[in-house]
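# Reading the structure
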Amino acid sequence: LCHLGNISHVLGQAAAPEALVPDSPAVRGRVAGLVSALGSSDWGEREAAELDLVRLGSLAHPAVEEAARSADPEVASRASRILERIGEPWWTRER
């Protein structure tokens, strides 16, 4: 799970309450931008995107899981590494 402080850092300190809702347009847009940045030509941008996606944790899981199947080897590799770091989302675990 991600922590509120990490979410605020990634989404911006002034994140509106709706920006913290997992399926909100703000979260989906931010996650999509970060996933796209995994394939950037700039190494620093790729690294920052990877770190931010890890910080978002379960909020980013579905998009990162899809990115792990990307035809771009850099995106797929980074996404797979992110998935290893954030683990399985809590809502998919067996009780």
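This text follows the structure it describes.
Residues numbered from 1 in each chain as written. Predicted model: local features only at pLDDT ≥ 70, side-chain atom pairs only at ≥ 80, totals over all residues. Heavy atoms only, no water.

## Some details on the overall build of the chain
Check the secondary structure of the chain and you find five helices and zero strands. Counting the 95 residues in the chain, one finds 37% classified as buried. Partitioning the intrachain contacts of the chain with sequence separation of at least 6 by distance along the chain shows that 54% fall at a separation of at least 24. Working note: accessible area of the chain is about 5700 Å², and carbon and sulfur atoms make up 53% of it. (Helix = DSSP H or I, 4+ residues; strand = E, 2+ residues; numbered from the N terminus. Buried < 20%, exposed > 50% of the residue type's maximum accessible area, 1.4 Å probe, protein only. Contact = heavy atoms within 4.5 Å. Areas by Shrake-Rupley, 256 points an atom, 1.4 Å probe, with all protein chains shown as cover.)

## Here's the deal with the packing of helix 2 (residues 25–37) against helix 3 (residues 43–56)
Helix 3 packs onto helix 2 with a crossing angle of 140° between their chain directions and a minimal axis gap of 8 Å. One element, helix 2, and the other, helix 3, form an angle in the oblique class. Between helix 2 and helix 3 lies a crossing of left-handed hand. Here Arg30, Val31, Leu34, Val35 and Ala37 of helix 2 come into contact with helix 3, specifically with Glu45, Arg46, Ala49, Asp52, Leu53 and Leu56. (Axes fitted to C-alpha atoms, helices over the stretch in contact; angles between N-to-C directions. Parallel < 35°, antiparallel > 145°, perpendicular 65-115°, else oblique. Left-handed = near helix turned anticlockwise from the far one by under 90°.)

## Quick look at the nonpolar core
Ranked by size, the top nonpolar core spans 19 residues in total, and within it Val31, Leu38, Leu53, Val64 and Ile82 carry the most contacts. Put simply, the parts of the chain that give this core at least two residues each are helix 2, helix 3, helix 4 (61–67) and helix 5 (73–86). (Core = buried A, V, L, I, M, F, W, Y, C linked by side-chain atoms within 4.5 Å.)

## Quick look at helix 2
Structural remark: α-helix, 3.6 residues per turn; residues separated by three or four positions point the same way. The terminal C-alpha atoms of helix 2, which comprises 13 residues, lie 18 Å apart, in line with the 18 Å expected from a rise of 1.5 Å per residue. Taken residue by residue, helix 2 has Val27, Val31, Leu34, Val35 and Ala37 as its buried positions. Mapping the buried residues of helix 2 onto a view down its axis gives an arc of 160°, with all of them on the same face. Exposed residues pointing more than 90 degrees away from the buried face of helix 2 are listed as Pro25 and Ser36. (Expected span 1.5 Å × (residues − 1). Arc of directions from axis to C-beta.)

## Thoughts on the pattern of salt bridges
Applying the stated rule across the entire model yields seven salt bridges. Linking arginine 78 and glutamate 50 is a salt bridge whose minimum nitrogen-to-oxygen distance equals 2.5 Å. With arginine 78 in helix 5 and glutamate 50 in helix 3, this residue pair connects regions lying 28 residues apart in the sequence. We note that arginine 78, like glutamate 50, is buried. Here arginine 81 ties to glutamate 50 by a salt bridge, and the two come within 2.8 Å at their closest N and O atoms. Of this pair, arginine 81 sits in helix 5 while glutamate 50 sits in helix 3, and the two are 31 residues apart along the sequence. One continuous salt-bridge network, built from bridges that share partners, spans Arg46, Glu47, Glu50, Glu74, Arg78 and Arg81. (Salt bridge = Lys/Arg side-chain N within 4 Å of Asp/Glu carboxyl O.)

Honestly, it's all geometry; don't read function into it.
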